[in-house]
2 protein chains.
Amino acid sequence: MNEANEVIRQLRERKSVRIFEDRTVPDAVKSDVIGAAFEAPTAGNMMFYTIIDVTDQQVKEQLAVLCDHQPFIAKAPLVLVFVADYERWYETYQAAGLVVRRPAVGDLILACADAFIAAQNTVVAAQSLGLGSCYIGDVLENCEQVRTLLALPAFTMPAAMVVYGYPTKQQLDRTKPARFGRNHIVHENRYRKMESDELLGMVSERGDKETIEALCERKYLSDFSLEMNRSVAEYLKNFGSQ
Amino acid sequence: MNEANEVIRQLRERKSVRIFEDRTVPDAVKSDVIGAAFEAPTAGNMMFYTIIDVTDQQVKEQLAVLCDHQPFIAKAPLVLVFVADYERWYETYQAAGLVVRRPAVGDLILACADAFIAAQNTVVAAQSLGLGSCYIGDVLENCEQVRTLLALPAFTMPAAMVVYGYPTKQQLDRTKPARFGRNHIVHENRYRKMESDELLGMVSERGDKETIEALCERKYLSDFSLEMNRSVAEYLKNFGSQ
């Protein structure tokens, strides 16, 4: 690891923060965080996303429940939902008098790309402003209720939610979790299927304390995971294959 | 816009670059770019992505053809494909002797999130190292051929490709395209449906030279767009709704 510039140093320092100081985010800081989304690359400069700025404490609390019951969500001073949005363009085409096909699954993935890329720019900007952040993938769950709560139209999906706030000292001092080795994740020219030994070694190498079985139960066979799959399938129903 | 820190300044300066100097990316720089992916947040620290580092000129040239015939892809000194990857964990569970369900659409979206977030960290890092970059969403097209070329297994999808290189002076001097106004993109507490006037105004406000009809033909009704939707639907076939 060579000497890092300021940007790379900050990328390395950034880790997820789930406990925040009881301190609001000043408007100017919030504006810079949201502004970073606008600086992100976006497919064809079309901005296939909408950012929902959740300021209503009741909405935060409902989201905390709907996103796998995580109370810290309701305590975050800044909560943004990054909605993959093909609705805006679909309606713009119609507003211009054009007769067009309905958005399909490829359009949705492209919109998800825009939403995630914009979200990550806000996370990077937040770090540089002293703000911690945490992605909440669980916003993909409970399609029907989240849709109603956020008034999401047909050709949208809440791709990601990010909560931000000033980290407590304990969170700042926390060690960033170790990643897998590059040799397992970076392949050259083509995907390299791995044998069992390498797969099991990949996990044990980084010193995970949890067994693979326990992790599987907690992350893959768990209720939230099954619900996420059901819910995403529900969002997908509006998008054809064209 | 207040005075920006170094990170935010660089996010603002970053724009897509498609023409590169004939200059290789030194190994240490490439290592820092790829390393930035590893610093990105990842769902449950599970790293649901594989990065394919395309070093073979023939593979680059095939990708340039398969990604909507864009020759500049083959001229990029650094080409990374960010593959949304649930295969690795599915096989790891099996290697551990567990009997598990097949990955489903929610798992795929979560893996896409990981892939896009990691990709954007590399784009930010690249900028700080003087490297331009461009996302190639077209890597979602031509499922069958891209799958064969990159040896992609069943529970993966190439979420994004990014090409990087040193920008030519002309590219550096190019003005970053204007985005839509924040009032259209950032909504408070719930999605705000817009009337025709606002939708049409949103586009005309930023001074786009292309008509909405022309944009629609080029981006939405065009062959590449139809192919992207067909191809993504093909990738999705392996993922159930559980």
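About the criteria used
- Residues numbered from 1 in each chain as written.
- Chains lettered and ligands numbered in written order.
- Predicted model: local features only at pLDDT ≥ 70, side-chain atom pairs only at ≥ 80, totals over all residues.
- Heavy atoms only, no water.
- Helix = DSSP H or I, 4+ residues; strand = E, 2+ residues; numbered from the N terminus.
- Buried < 20%, exposed > 50% of the residue type's maximum accessible area, 1.4 Å probe, protein only.
- Contact = heavy atoms within 4.5 Å.
- Lys, Arg positive; Asp, Glu negative; His and termini not counted.
- Charge placed at Lys NZ, Arg CZ, Asp CG, Glu CD.
- Buried area = accessible area lost by both parts, 1.4 Å probe.
- Salt bridge = Lys/Arg side-chain N within 4 Å of Asp/Glu carboxyl O.
- Polar contact = N/O pair within 3.5 Å; in protein donor to acceptor, adjacent residues only side chain to side chain.
- Nonpolar A, V, L, I, M, F, W, Y, C, P; charged D, E, K, R; others polar.
- Expected span 1.5 Å × (residues − 1).
- Axes fitted to C-alpha atoms, helices over the stretch in contact; angles between N-to-C directions.
- Parallel < 35°, antiparallel > 145°, perpendicular 65-115°, else oblique.
- Left-handed = near helix turned anticlockwise from the far one by under 90°.
- Phe/Tyr/Trp six-rings, centres within 6.5 Å; stacked < 30°, edge-to-face > 60°.
- Lys NZ or Arg CZ within 6 Å of the ring centre and 35° of its normal.
- Pairing = 2+ DSSP bridges.

Next up on the list: the overall build of chain A. If you tally the helices and strands in chain A, you get twelve helices and five strands. For chain A, with 242 residues in total, the buried portion stands at 63%. When contacts within chain A are restricted to residue pairs at least 6 apart in sequence, long-range pairs at least 24 apart make up 81% of them. Side-chain charges of chain A comprise 27 positive and 33 negative groups, with the mean position of each set lying 3 Å from the other.

Bringing the interface of chain B and chain A into the picture now. Taken together, the 117 residues of chain B in the interface contact 117 residues of chain A. Here chain B packs against chain A, burying approximately 10,200 Å² in sum over the two surfaces, 65% of which is carbon and sulfur. It is Asn189(B), Tyr191(B) and Tyr220(B) that lose the most area in chain B upon contact with chain A, and together they represent 9% of the buried surface on that side. On the surface where chain B and chain A come into contact, there are eight salt bridges. Arg12(A) serves as the salt-bridge partner of Asp32(B), at 3.4 Å between the closest nitrogen and oxygen. Remark: the boundary between chain B and chain A carries 50 residue pairs in polar contact (both at pLDDT 80 or more). Among the elements that make up the side of chain B that touches chain A, the one with the highest residue count is helix 6 (residues 105–128) of chain B (14 residues). Looking at the side of chain B that touches chain A residue by residue, the classes come out as 65 nonpolar, 28 polar and 24 charged.

This next bit is on helix 2 (residues 27–39) of chain B. All names here are of chain B. Across its 13 residues, helix 2 extends 18 Å between first and last C-alpha, which sits within 8% of the 18 Å expected from 1.5 Å per residue. Buried residues dominate helix 2, accounting for ten of its 13 residues. Those residues of helix 2 that fall on the buried side of the exposure criterion are Val29, Lys30, Asp32, Val33, Ile34, Gly35, Ala36, Ala37, Phe38 and Glu39.

Here we come to the side chain of Arg206(B). In this fold, Arg206(B) is placed in the loop between helix 10 (196–205) and helix 11 (212–219). Engagement of the side chain of Arg206(B) in a polar contact is seen with the side chain of Asp208(B), the distance being 2.8 Å. Discounting chain neighbours no more than four positions away, the residues touching Arg206(B) are Asn45(A), Ala178(B), Arg179(B) and Phe180(B).

Moving on, we come to the packing of helix 6 (residues 105–128) of chain A against helix 6 of chain B. Helix-helix packing is characterised by the crossing angle of the two axes and by the distance between the axes. It is at 8 Å that the axes of helix 6 of chain A and helix 6 of chain B come closest, and there the two elements cross at 50°. By the criterion of interaxial angle, the relationship of helix 6 of chain A to helix 6 of chain B is oblique. Both helix 6 of chain A and helix 6 of chain B take part in a crossing whose hand is right-handed. On the side of helix 6 of chain A, the interface is formed by Ile109(A), Cys112(A), Ala113(A), Phe116(A), Ile117(A), Gln120(A), Asn121(A) and Val124(A), while helix 6 of chain B contributes Ile109(B), Cys112(B), Ala113(B), Phe116(B), Ile117(B), Gln120(B), Asn121(B) and Val124(B).

Looking now at the packing of aromatic side chains. Here a ring pair, both rings aromatic, is described through the centre-centre distance and the interplanar angle of the planes. Residue and element names in this part refer to chain A. In the structure shown here, the tally under the stated rule is 15 aromatic pairs over all chains. Look at Phe48 and Tyr86: their rings are 4.5 Å apart centre to centre, the planes differ by 15°, and that puts the pair in the stacked class. Of the two residues, Phe48 is situated in the loop between helix 2 (27–39) and strand 1 (49–53) and Tyr86 in the loop between strand 2 (78–85) and helix 5 (87–95); the sequence distance between them amounts to 38 residues. The buried category is assigned to Phe48, whose relative accessible area is 2%. If you follow Arg206 out to its NZ or CZ, it ends over the ring of Phe180, 3.7 Å from the centre.

In this section: the pairing of strand 2 (residues 78–85) of chain B. Residue and element names in this part refer to chain B. The buried count for strand 2 comes to eight of eight residues, which makes it a mostly enclosed element. Looking at chain direction, strand 1 (residues 49–53) and strand 2 are connected through five bridges and run antiparallel. If you follow Tyr49 over to strand 2, its bridge partner there is Ala84. For strand 2 and strand 4 (residues 156–165), the ladder comprises eight bridges, and the chain directions are antiparallel. Its bridge partner being in strand 4, Val83 is matched across the sheet by Pro158.

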